[in-house]
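# Architecture and fold: a report
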Amino acid sequence: MKRILIIEDDQVIVEVEKDYLEASGYEVEIAISGEVGLKKALEEEYDLIILDLMLPNINGFEICRHVRQAKNIPILMVSAKREEIDKIRGLGLGADDYVTKPFSVGELVARVKAHLARYDRLMTDNFARQKGEITIRGIRIDKLSRKVFVNETEIPFTSKEFDLLLFLAIHPNQVFSKDELFEKIWGLDSIGDNATVTVFIGKIREKIETNPSKPQYIETIWGVGYRFNV
């Protein structure tokens, strides 16, 4: 049974989320403070974390940063804050999704299912099982070990960063819109979520490009999307 940790200080919201998730077949644990939630996230094993942004003492941004440094499991950040900068910051720290309140619990459960299913596929699908590497002008992508090397130096990638880079690399010189990339990598409705792709492209460029402001690998095709040049 998949284990989910909810870090949320609103007792009413967290109980509703817990009931719906347990009815969907998940084992759910709750932490109503950031300190307890961070301790649980780091010391125990979960398959996914639902993380509220506005927590007392230690906020969701800090929790996300600490958890992402240690683990690659899906993190769904939820918040009443709708500002684009907060979403970009959350995604930039490694969150896999950002949902603004109010939202339907049904939508949250659907997103949880989608992220868990995609994470499982990434661990067992053809990319993970197929041996081989992709080497493009100093970049080496090991599909089996899910490692990336730039000039033979290993560069750490999060799960979603690796998936996005690999997808672009195995489709060289093809242009993909932000919506297409979101659908391929996240598997969710991409309407209103273009910032997700933008953030992840930026983080990948920082890791593989000599000059991220003048990228040689991942090119922006203005008004269309992105293309991986070989």
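Each remark here, short or long, concerns the structure printed above.
The rules behind the values
- Residues numbered from 1 in each chain as written.
- Predicted model: local features only at pLDDT ≥ 70, side-chain atom pairs only at ≥ 80, totals over all residues.
- Heavy atoms only, no water.
- Helix = DSSP H or I, 4+ residues; strand = E, 2+ residues; numbered from the N terminus.
- Buried < 20%, exposed > 50% of the residue type's maximum accessible area, 1.4 Å probe, protein only.
- Contact = heavy atoms within 4.5 Å.
- Areas by Shrake-Rupley, 256 points an atom, 1.4 Å probe, with all protein chains shown as cover.
- Arc of directions from axis to C-beta.
- Pairing = 2+ DSSP bridges.
- Axes fitted to C-alpha atoms, helices over the stretch in contact; angles between N-to-C directions.
- Phe/Tyr/Trp six-rings, centres within 6.5 Å; stacked < 30°, edge-to-face > 60°.
- Lys NZ or Arg CZ within 6 Å of the ring centre and 35° of its normal.
- Salt bridge = Lys/Arg side-chain N within 4 Å of Asp/Glu carboxyl O.

This part is about the overall build of the protein chain. Helices and strands together make up the secondary structure of the protein chain, namely 9 helices and 12 strands. For the protein chain, the spread of C-alpha atoms along the principal axes amounts to about 50 × 35 × 30 Å. Counting the 230 residues in the protein chain, one finds 50% classified as buried. For the protein chain, long-range pairs separated by at least 24 residues make up 58% of all intrachain contacts whose partners lie at least 6 apart in sequence. Of the accessible surface of the protein chain, which amounts to about 10,900 Å², a share of 52% is contributed by carbon and sulfur atoms.

On to the side chain of threonine 158. Position of threonine 158 relative to the elements: it lies in the loop between β9 (153-155) and α7 (159-169). With residues up to four places along the chain from it excluded, the contact list for threonine 158 reads Arg68, Asn72, Phe200 and Lys207.

Now for helix α3 (residues 60-70). Gly60, Phe61, Ile63, Cys64, Val67 and Arg68 are the residues of α3 that are buried. End-on, the buried residues of α3 take up no more than an arc of 160°, which puts them together on one face. Seen from the buried face of α3, the exposed residues on the opposite side, beyond 90 degrees, are Gln69 and Ala70. Buried-residue contacts for α3 involve β1 (3-7), α2 (34-43), β3 (48-52), β4 (75-79) and α4 (84-92).

It is worth spelling out the sheet that holds β3 at this point. Sheet architecture is open: 5 strands sit in the order β2-β1-β3-β4-β5, paired in parallel fashion. Since the sheet does not close on itself, it has two edges, and those belong to β2 (27-31) and β5 (97-100), each with one partner. Taking each pair of neighbouring strands and ignoring which way they run, the sheet shows an average axis angle of 20°. Alignment of β1 against β2, held across 5 bridges, turns out to be parallel. Counted as the bridge partner of arginine 3 is glutamate 27 from β2. Contacting β1, β2 and β3, helix α1 (residues 11-23) crosses the sheet at an angle of about 165° to β2. Sheet strands touched by α2: β1, β2 and β3. Its angle to β1, the strand with the most contacts, is close to 155°.

Bringing the packing of aromatic side chains into the picture now. Here the structure, examined in full by the defined rule, presents 4 aromatic pairs. Seen in terms of ring centroids, tyrosine 217 and phenylalanine 228 are 6.0 Å apart; in terms of plane orientation they differ by 40°. Their pairing is tilted. One end of the pair, tyrosine 217, is in the loop between α9 (194-208) and β11 (218-221); the other, phenylalanine 228, is in strand β12 (residues 225-228), and 11 residues separate them in sequence. Like phenylalanine 228, tyrosine 217 is buried. Three or more aromatic residues joined by ring pairs form one cluster here, namely Phe182, Trp186 and Phe200. Positioned above the aromatic ring of phenylalanine 61 is the side chain of arginine 89, whose terminal nitrogen or guanidinium carbon lies 4.0 Å from the ring centre. When the ring centre of phenylalanine 149 is taken as origin, the NZ or CZ atom of arginine 140, which lies over that ring, is 4.1 Å away.

Okay, the environment of leucine 93 next. Here leucine 93 is to be found in the loop between α4 and β5. With relative accessibility at 25%, the residue leucine 93 sits in the partly exposed group. Along the chain, leucine 93 and glutamate 83 lie 10 residues apart, while their C-alpha atoms are 16 Å from each other. What leucine 93 contacts, discounting residues up to four positions off in sequence, is Phe61, Cys64, Arg65 and Arg68.

Taken as a whole and judged by the stated rule, the model has 20 salt bridges. One salt bridge connects lysine 101 with glutamate 8, and the closest N-O pair in it is separated by 3.2 Å. You can see lysine 101 sitting in the loop between β5 and α5 (105-124) and its partner glutamate 8 sitting in the loop between β1 and α1, a full 93 residues away along the chain. Here lysine 101 and glutamate 8 have matching classes, each one buried. For aspartate 52, the salt bridge goes to lysine 101, with nearest N and O atoms at 3.1 Å. Of the two residues, aspartate 52 is situated in strand β3 and lysine 101 in the loop between β5 and α5; the sequence distance between them amounts to 49 residues. With respect to burial, aspartate 52 and lysine 101 carry one shared label: buried. Through salt bridges that share partners, Arg3, Glu27, Glu29, Lys40 and Glu44 make up one connected network.

Bear in mind that shape data such as this cannot, by itself, settle questions of function.
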